[in-house]
Structures are given as C-alpha cells and as structure tokens.
Amino acid sequence: MATRVVLRLIKEAVSSNGRSKPNFDFAKRRRFCTSTPPPPPPPPPARKIPYSSKKGRLFTGATIALLIGGGAYASTVDEATFCGWLFSATKLVNPFFAFLDPEVAHRLAVSAAARGWVPREKRPDPSILGQEVWGKRFSNPIGLSAGFDKNAEAVEGLLGLGFGFVEVGSVTPVPQEGNPKPRIFRLPKEGAIINRCGFNSEGIVAVAKRLGAQHGKRKLETSNTSSSTEDDVNHGGKAGPGILGVNIGKNKTSEDAAADYVQGVHTLSQYADYLVINISSPNTPGLRQLQGRKQLKDLVKKVQAARDEMQWGEEGPPPLLVKIAPDLSRQDLEDIAAVALALRLDGLIISNTTVQRPDPVNKNPVAQESGGLSGKPLFNLSTNILKEMYILTKGKIPLIGCGGIGSGEDAYEKIRAGASLVQLYTAFAYGGPALIPQMKAELAQCLERDGYNSIYEAVGADCR
Ligand SMILES: Cc1cc2nc3c(=O)[nH]c(=O)nc-3n(C[C@H](O)[C@H](O)[C@H](O)COP(=O)(O)O)c2cc1C
C-alpha cells in the first residue's frame, strides 16, 4: 500500500515535471513559419489536482494524522492530565493580552469567563487546603478579589477556574461610569498595576438581577451536591459550587455614605455568602475617612442593623466584613481593631491598593499616574498591616490577606501573618488561569514541608 502511494507520488511528480515546461514559444515559431500558420495551442489538460497538491496533500495528510494521533493519545490520558494541559495552554494567550490596552484586555477576559471560554477545574483540591470559615466550607483558601468582576458577569466561569471563592463588586447603588479612561496602567516589570477606576459599576439593580438569575442555580447546586459534598471533602474534593462574596461601594456624589451601603445590603445580601463594605478605595474622595474610629463604628452599626432586620432562613445572615487600606497609621489600626472587636465584625480584608509608590516602582514614569497601586510592590506593606491587625484582634476575627500575592509561597506567608483566607487580583491579571492550580499545589507543599496538617494550624504562625 505504502509502495503504491510512493509510486503514485513519483508518477505525479514526473508528470508535473513534464507539465512544468509547457512554454512553447509560438510567437517565435511564427517568425520562421509564416506560410502555414501554426494550429492553435491545445488547451492545457484539465488538472484535477493543482500543481502544489503534492506538498499540500502531504501537509494535509500529516495534519490529519497528527490530529488523529493526538486525539487518540489524548483520549487515553486521564481527565486530570487533560485538565492540566488546558490550564497550561492558557499561558499561550497571555502575550496576546499583554499587547492590548489593559481595560480592553480585562473586558475580553471577563467576557471569556462569562461565556465559559475558560478551562474548568476538574481536579480535586488538595485536602490540606480545605477549611471552614464562618461555618462555610472553603475547598481552598485562594480567592479572586473585588474589582475583576465588578458587575457579577462571570461568577460561574471564575469559580470554575478553581478559586476557593470569588468576590464581585464593588457595586454602587446607582450606576456610575467611574473616572475617565485611561484609568488602568500596567507596570509589568514590577508586577504591578495602578488603577483609578473610581467604582465604575452597573449598579445594585443590574447586579441583583444577574445574581438572582444565577443564585437559584447556585443554591440548587448546593443542595444537589450536599450529599456528595461530605464524601468529596473527605477525599479532598471541591465542596459545593464555591463561595460568593459581594463587595459594596458608594456613589461618588452621594452625601450619605451609610445610606449607600445600607441600600447595597438590602438589595444584594440575599445573594451573598459574605458581604464586604469597601471603605478603602483611594479613588473615591473622602471614602477612606470612613475608617476613622467614630465613622466606622456608626457605619458598621447601621449596616449590621440593616442586614439583621431582613428575613433570614436557617443559615442566618451573611457575615459582614470591612475592607481596609494599607496606608493606615498604628492609631488607625488600633481604632479599627477596637471597633471590629466591640461590634463583633465577622472579618476584615487587608488590604486594598496603596497610594504609596514604594521602591522600585517610584523609578518607573508610570508611577506618576494617580491611583491605587497593587501587585508585588504592595506585598510587604499589606502583610505588615495584616500581622499588626492579627495581633490587635488577638486572632479572634477571620482576616482575608490581600495585596501582592503571586505564588503559593506568598499565600503561605499571608496565612502565617494571620490570614485565614487570601485573595489576589494583579498576579491573576498577569498570569491568567494557569496560576491558580500552580498556587494551590505550592501552598499545599509549603504546609506539608513545615509539618502542618491544615491551614488552621498555620494561621498567625509568624505572630506567636
Ligand atoms: C483594576 C483594579 C480594580 C479594582 N477595583 C476594586 C473594587 O472595585 N473594589 C475593591 O474593593 N477593590 C478593588 N481593587 C483592589 C483589589 O481587590 C485588591 O484589593 C488589590 O488590587 C490588591 O491585591 P493584588 O495586589 O493582588 O492586586 C481593584 C484593583 C484593581 C487592580
């Protein structure tokens, strides 16, 4: 058979060689034989296969063979390996995103996740990463922080990437555009971003509609998987469909901040596994002043009351957290800790972006842009504040560590500094989906290396 194919190829090659010299010069001939005009040239024989067919067919054949061979091989590998390939393959897309305007790239990423055009984590999380916080089961402690999916467009897709939890928002009561563009700036060498988005939000009504449509499904999935969940957790599996946080902001022109947060809570808390009041964005004038002792106390009381006056089922109301800035003095931290303990706040997120420009970012001309800095240069600043807050609150309040996390080792450092859970944004924006399984594996290794059997044991280890 192979011989026949080779012979055919040779035959075709030979005949096509013959055809390669058809340029008989009739004009020249006419010059010598003027008496008898030459017959018109015969029409070239109809070629069923174009001249380039040999190479073309070889190429097509090789491609088909590769596809069939590859497909056959892929069908023999297990689901976990295939899933790993898919996540690794997303790295190929990162350079393309890096060429685009940051906001365009972000829009594309959210749309892709919303349409499910992202890999879905099918591999169970390492059992050492599972824990319970606020009575909720987290299959791993690595979450996506607020700002990525501001309008809750892609919750399912993002949870499907393998995050332990996803926080949507910040959502403002009334839709607002945010600051003029450009408002997101990359500092790739420093692994950082500066943003001054200023709470661009579709508003609580649009987000509530979206979450309402998804929430039924989320609840349904929770009850459907509830029987298998325990079994999954015993074997280190994913527990349920994932945890959703809703982060609430305030409108730029609103005079009454508390009223804005209360409105957000009334409309959105039924969809949230936990709620966050964000009083630490540097891009809304006056917002950070709400972190002062008296202002914070008044605000938290009002929001807690608003949440508690709603009708809650067996599960009770969602826990309420406050997200704070990394640019706080020792006195500010003491005040916040005192309020948090006195009002039994359920948790703190530490931290939002910084208005500082630490070394080496200050040498980059982009550092002149106003806004909040996130990513690697924020790591030490936010980790120090986290440590202080863990000590001030005596480890009594679950803390979410956020700021500059880009690896499992970074997540581990935040946990040792007092975080029960961690979140990231910037490193995910640069590294894409492949970062998530990598971080989980690294974090599990760190815990095992140091002899811990669970995250609980490691929380605050560096503060003791
Ligand atoms: C473009 C961008 C938009 C953000 N928007 C919000 C937001 O709306 N609400 C909020 O609480 N945090 C927001 N953040 C802050 C992040 O949630 C996170 O706290 C901060 O970036 C530090 O984490 P990272 O170093 O891992 O990025 C935003 C961050 C970026 C980069």
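Residues numbered from 1 in each chain as written. Predicted model: local features only at pLDDT ≥ 70, side-chain atom pairs only at ≥ 80, totals over all residues. Heavy atoms only, no water.

Per an unreviewed UniProt entry, the protein goes by the name Dihydroorotate dehydrogenase (quinone), mitochondrial and belongs to Coffea arabica. Per its UniProt entry, the protein bears the Pathway (unreviewed entry) comment "Pyrimidine metabolism; UMP biosynthesis via de novo pathway; orotate from (S)-dihydroorotate (quinone route): step 1/1." Entered under Catalytic activity (unreviewed entry) in the UniProt record, the comment concerning the protein runs "(S)-dihydroorotate + a quinone = orotate + a quinol". (UniProt positions renumbered as here; feature names shortened; annotations may be inferred.)

A.B. asks: Go over the site of the ligand, please, and point to the residues and values.
C.D. replies: Around the ligand, the structure places 24 residues, and the nearest of them are A146, S170, G375, G404 and T426. N278 places a polar side-chain atom, nitrogen or oxygen, 3.0 Å from an oxygen atom of the ligand. Contacts to the ligand include S351, whose backbone N or O atom sits 3.2 Å from an oxygen atom. In the complex, 98% of the free accessible area of the ligand, which totals 610 Å², lies under the protein chains. Grouping the amino acids of the shell around the ligand by side-chain chemistry returns seven nonpolar, 15 polar and two charged. (Near = heavy atom within 4 Å. Polar contact = N/O pair within 3.5 Å; in protein donor to acceptor, adjacent residues only side chain to side chain. Areas by Shrake-Rupley, 256 points an atom, 1.4 Å probe, with all protein chains shown as cover. Nonpolar A, V, L, I, M, F, W, Y, C, P; charged D, E, K, R; others polar.)

A.B. asks: Can you explain the sheet that holds strand β11 (residues 372-375)? Please cite residues and give values.
C.D. replies: With respect to topology, three strands assemble into an open sheet ordered β5-β6-β11, the strand pairing being antiparallel. The two strands at the open ends of the sheet, each matched to only one other strand, are β5 (184-187) and β11. Shown here is a sheet whose adjacent strand axes are inclined to one another by a mean of 20°, direction ignored. Bridge count for strand β6 (residues 192-195) against β11 is four bridges, and the pairing is antiparallel. When the bridges of β11 are listed, I193 appears paired with S374. (Pairing = 2+ DSSP bridges. Helix = DSSP H or I, 4+ residues; strand = E, 2+ residues; numbered from the N terminus. Axes fitted to C-alpha atoms, helices over the stretch in contact; angles between N-to-C directions.)

A.B. asks: Report on the sheet that holds strand β9 (residues 320-324), specifying residues and quantitative values.
C.D. replies: Strand order in the closed barrel formed by eight strands is β3-β4-β7-β8-β9-β10-β12-β13, with parallel pairing between adjacent strands. Strand-to-strand twist of the sheet, defined as the mean angle between neighbouring strand axes without regard to direction, takes the value 25°. Pairing geometry for strand β3 (residues 142-144) and strand β13 (residues 421-424), over three bridges, is parallel. Residue pairing for β13: G143 is matched across the bridge by Q423.

A.B. asks: Which residues make up the side chain of H106, and what values go with them?
C.D. replies: Tracing the backbone shows H106 in helix α6 (residues 102-114). Judged by its relative accessible area of 19%, H106 is buried. A polar side-chain atom of H106 sits 2.8 Å from the main-chain carbonyl oxygen of F148. Excluding residues that lie within four positions of it along the chain, H106 makes contacts with G147, F148 and Y425. (Buried < 20%, exposed > 50% of the residue type's maximum accessible area, 1.4 Å probe, protein only. Contact = heavy atoms within 4.5 Å.)

A.B. asks: Explain helix α10 (residues 293-308) to me, and be specific about the residues and the numbers.
C.D. replies: Its 16 residues place the ends of α10 22 Å apart at the C-alpha level, agreeing with the 22 Å of an ideal helix rising 1.5 Å per residue. All of the buried residues along α10 are L296, L299, V300, V303, Q304, A306 and R307. Relative to the axis of α10, the buried residues are bounded by an arc of 160° and lie together on one face. Of the surrounding elements, those touching the buried residues of α10 are α9 (257-268), β8 (274-278), β9 and α11 (330-342). (Expected span 1.5 Å × (residues − 1). Arc of directions from axis to C-beta.)

A.B. asks: Just give me the short version of the packing of α11 against helix α12 (residues 379-392), but keep the residues and values in it.
C.D. replies: The description of two packed helices rests on the angle between their axes and on the distance between the axes. In contact at an axis separation of 10 Å, α11 and α12 are set at 45° when each is read in the N-to-C sense. As summarised for this structure, α11 and α12 are arranged oblique, according to the angle between their axes. Here α11 runs over α12; the crossing is right-handed. Along its contact with α11, which presents R330, L333, E334, I336, A337 and L341, the element α12 presents I385, E388, M389 and L392. Here the contact of α11 with α12 is built from residues that sort into seven nonpolar, no polar and three charged. (Parallel < 35°, antiparallel > 145°, perpendicular 65-115°, else oblique. Left-handed = near helix turned anticlockwise from the far one by under 90°.)

A.B. asks: For the nonpolar core, give the residues involved together with the corresponding values.
C.D. replies: Core analysis: the largest hydrophobic core is formed by 89 residues, its most contacted members being Y261, I324 and L348. The dominant element in this core, judged by the number of residues it contributes, is helix α15 (residues 435-449), at seven residues. If you look at the next biggest cluster of nonpolar residues, it comprises eleven residues, including V133, V276, I349 and I400. (Core = buried A, V, L, I, M, F, W, Y, C linked by side-chain atoms within 4.5 Å.)

A.B. asks: Give me the environment of F148: which residues, what numbers.
C.D. replies: Topologically, F148 is positioned in the loop between β3 and α7 (155-160). By relative accessible area, F148 is classed as buried at 6%. As for F148 and V168, which are separated by 20 residues in sequence, their C-alpha atoms are 7.3 Å apart.

A.B. asks: Break down the side chain of K136 for me, citing the residues and quoting the values.
C.D. replies: In this fold, K136 is placed in strand β2 (residues 136-138). Excluding residues that lie within four positions of it along the chain, K136 makes contacts with Q131, I243, D273, E315 and P319.

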